[in-house]
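# Structural characterization, general
The primary structure of each chain is shown beneath.
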Amino acid sequence: MAKSKRGRALWNVPSRGRGTCPVCFTTRTKLLYTAVKEDGTSLSVCKRCNNASQTTIDSSVSNAVVARIPYRGAKRRKAFFEQKKQLTSAQ
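Everything in this summary refers to the structure shown in the same document.

### Quick word on the overall build of the chain
Secondary structure assignment for the chain yields three helices and four strands. Mapped from its N terminus to its C terminus, the chain presents α and β elements in the order β-β-β-β-α-α-α. When burial is assessed residue by residue, the chain has 27% of its 91 residues classed as buried. Excluding contacts between residues fewer than 6 apart, the proportion of contacts in the chain whose partners are at least 24 apart in sequence is 29%. A total of about 6600 Å² of accessible surface is found on the chain, and carbon and sulfur atoms cover 49% of it.

### Examining the nonpolar core
Ranked by size, the top nonpolar core spans nine residues in total: Cys21, Val23, Leu31, Ala35, Leu43, Val45, Cys46, Cys49 and Ile57. Setting aside residues no more than four positions away along its own chain, Val45 makes contact with Cys21, Pro22, Val23, Lys30, Leu31, Leu32, Tyr33, Ala35 and Asn50.

### Regarding the environment of Thr20
Note that Thr20 resides in the loop between β1 (18–19) and β2 (29–30). Remark: the alpha-carbon pair of Thr20 and Val45, spanning 25 residues in sequence, is separated by 8.4 Å.

### Observations regarding the pairing of strand β3 (residues 33–36)
Sheet topology note: the β3/strand β4 (residues 42–45) ladder contains four bridges and is antiparallel. Counted as the bridge partner of Tyr33 is Val45 from β4.

### Focus on the environment of Glu38
Tracing the backbone shows Glu38 in the loop between β3 and β4. The sequence separation of Glu38 and Gln54 amounts to 16 residues, and the corresponding C-alpha distance is 7.9 Å. With sequence-adjacent residues up to four places away left out, Glu38 is seen in contact with Gln54 and Asp58.

### So, the environment of Cys49
Topologically, Cys49 is positioned in the loop between β4 and α1 (54–58). Residue classification places Cys49 among the buried positions, given a relative accessible area of 7%. Sequence separation between Cys49 and Thr34 is 15 residues; the distance between their C-alpha atoms is 9.6 Å. Not counting residues within four places of it along the chain, the set of residues in contact with Cys49 comprises Cys21, Val23 and Cys24.

About the cut-offs
Residues numbered from 1 in each chain as written. Predicted model: local features only at pLDDT ≥ 70, side-chain atom pairs only at ≥ 80, totals over all residues. Heavy atoms only, no water. Helix = DSSP H or I, 4+ residues; strand = E, 2+ residues; numbered from the N terminus. Buried < 20%, exposed > 50% of the residue type's maximum accessible area, 1.4 Å probe, protein only. Contact = heavy atoms within 4.5 Å. Areas by Shrake-Rupley, 256 points an atom, 1.4 Å probe, with all protein chains shown as cover. Core = buried A, V, L, I, M, F, W, Y, C linked by side-chain atoms within 4.5 Å. Pairing = 2+ DSSP bridges.

This is how it looks when you write it as structure tokens:
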């Protein structure tokens, strides 16, 4: 396979397959794997969270909620977790 063809399928995906993982909240990582919650909703997760336990996946927020929150980077991650607690307690 030629090197120019590797990963070309990601060029058609929004943001080239990158985003914030709803399980570990890593920013600008490739979300190439699918995890399914117990209620049947599917989430796009990163490589590290692909093997996460079902309880961890069930406690994560949806991709739509993660996309709305503008936090990025380690400095603001604490505020992000506080906001996540508020979102999960409201559900």
